[in-house]
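Examining the three-dimensional arrangement
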Amino acid sequence: MSSIWHKEYTIEEVNGRGQKTLVDHLDIRITEILDSALSGTMPVDETTVQPARILHGGASCVLAESLGSIASNMVIDSSKFIAVGQSISANHLRPCLEGETVLGIARPLHLGK
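Now for a look at the structure at hand. (Residues numbered from 1 in each chain as written. Predicted model: local features only at pLDDT ≥ 70, side-chain atom pairs only at ≥ 80, totals over all residues. Heavy atoms only, no water.)

So, about the sheet that holds strand 1 (residues 29–33). Reading across from one edge, 1-2-3 is the order of the three strands in this open sheet, with antiparallel pairing throughout. The sheet is open, and its two borders are formed by strand 1 and strand 3 (101–106), each paired with just one other strand. Neighbour-to-neighbour, the strand axes of the sheet open up by a mean angle of 25°, direction not taken into account. Each of strand 1, strand 2 (38–43) and strand 3 touches helix 3 (residues 57–75); the most contacted strand, strand 2, lies at about 150° to it. (Pairing = 2+ DSSP bridges. Helix = DSSP H or I, 4+ residues; strand = E, 2+ residues; numbered from the N terminus. Axes fitted to C-alpha atoms, helices over the stretch in contact; angles between N-to-C directions. Contact = heavy atoms within 4.5 Å.)

Put into structure tokens, the structure is as follows:
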């Protein structure tokens, strides 16, 4: 199977692009670049919890949006195009407690031309 990415990327390069952004502030880190998926983590800590000390729904959306946007921009020629999110919704199946780490995986549902 061939890779979906526009070019070859390193994890360090991808993580470096998020410096001094919300991605950096929430300590979101890309952890794996597969042929057709991108994974990343976010700690559940004082920056990502709600007052009840469980993962804030907005932080979950930031992780999902970030992984999706990062992966989308890795698929296209970024010298000609830019990809950003248009819509997002989320449901939590169980609470994630402070001290845990959330893993997100972005996979394409459809790749255009």
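Picture a little ball the size of a water molecule; that probe, rolled over the atoms, points out where space is still empty. Counted as a void, the largest pocket has a volume near 890 Å³. Surrounding the largest pocket, 31 residues form its lining, G68, S72, A106, R107 and P108 being those nearest its centre. For the lining of the largest pocket, the leading source of residues is helix 3, giving eleven residues. Split into classes, the residues belonging to the lining of the largest pocket amount to 20 nonpolar, eight polar and three charged. (1 Å grid on protein atoms, 1.4 Å probe; cavity = no way out; pocket = protein on both sides within 12 Å on 5 of 7 lines; lining within 4 Å. Points joined across faces, edges and corners; volume = space filled by probe spheres on them. Nonpolar A, V, L, I, M, F, W, Y, C, P; charged D, E, K, R; others polar.)

As defined by bridge partners, strand 1 adjoins strand 2 across four bridges and the pair is classed as antiparallel. Paired with R29 across the strands is T41, a residue of strand 2.

For helix 3, spanning 19 residues, the distance from its first C-alpha to its last is 27 Å, which sits close to the expected 27 Å at 1.5 Å a residue. Elements in contact with the buried residues of helix 3: helix 1 (11–16), helix 2 (22–25), strand 1, strand 2 and strand 3. (Expected span 1.5 Å × (residues − 1).)

Moving on to unusual backbone geometry. Phi angles above zero are rare outside glycine, and K20 is one such case at about 60°. Its place among the elements puts K20 in the loop between helix 1 and helix 2. When its relative accessible area of 81% is taken as the criterion, K20 is described as exposed. For D27, which is not glycine, the phi torsion reads 60° and is therefore positive. Exposure remark for D27: the relative accessible area of 34% places this residue in the partly exposed category. (Buried < 20%, exposed > 50% of the residue type's maximum accessible area, 1.4 Å probe, protein only.)

The next subject is the state of the cysteines. Formally, a disulfide is one covalent bond, and it connects the sulfur atom of one cysteine to the sulfur atom of another. In this structure the tally under the stated criterion is zero disulfides. Of all cysteine sulfurs in the structure, the one in C96 sits closest to C61, which takes part in no disulfide; the separation is 14 Å. Here C61 falls in the partly exposed class, since its relative accessible area comes to 22%. Owing to a relative accessible area of 12%, C96 belongs among the buried residues under this scheme. (Disulfide = S-S within 2.5 Å.)

The next subject is the pattern of salt bridges. All told, the structure shown has four salt bridges when counted by the stated rule. The shortest N-O distance in the salt bridge between R29 and D24 comes to 3.4 Å. Look at R29 and you get partly exposed, because its relative accessible area is 30%. Owing to a relative accessible area of 30%, D24 belongs among the partly exposed residues under this scheme. Where E98 meets R53, a salt bridge forms, and the shortest distance between an N and an O atom there is 3.0 Å. Of this pair, E98 sits in the loop between helix 3 and strand 3 while R53 sits in the loop between strand 2 and helix 3, and the two are 45 residues apart along the sequence. (Salt bridge = Lys/Arg side-chain N within 4 Å of Asp/Glu carboxyl O.)

These results come straight from atomic positions and should not be treated as a statement about function.
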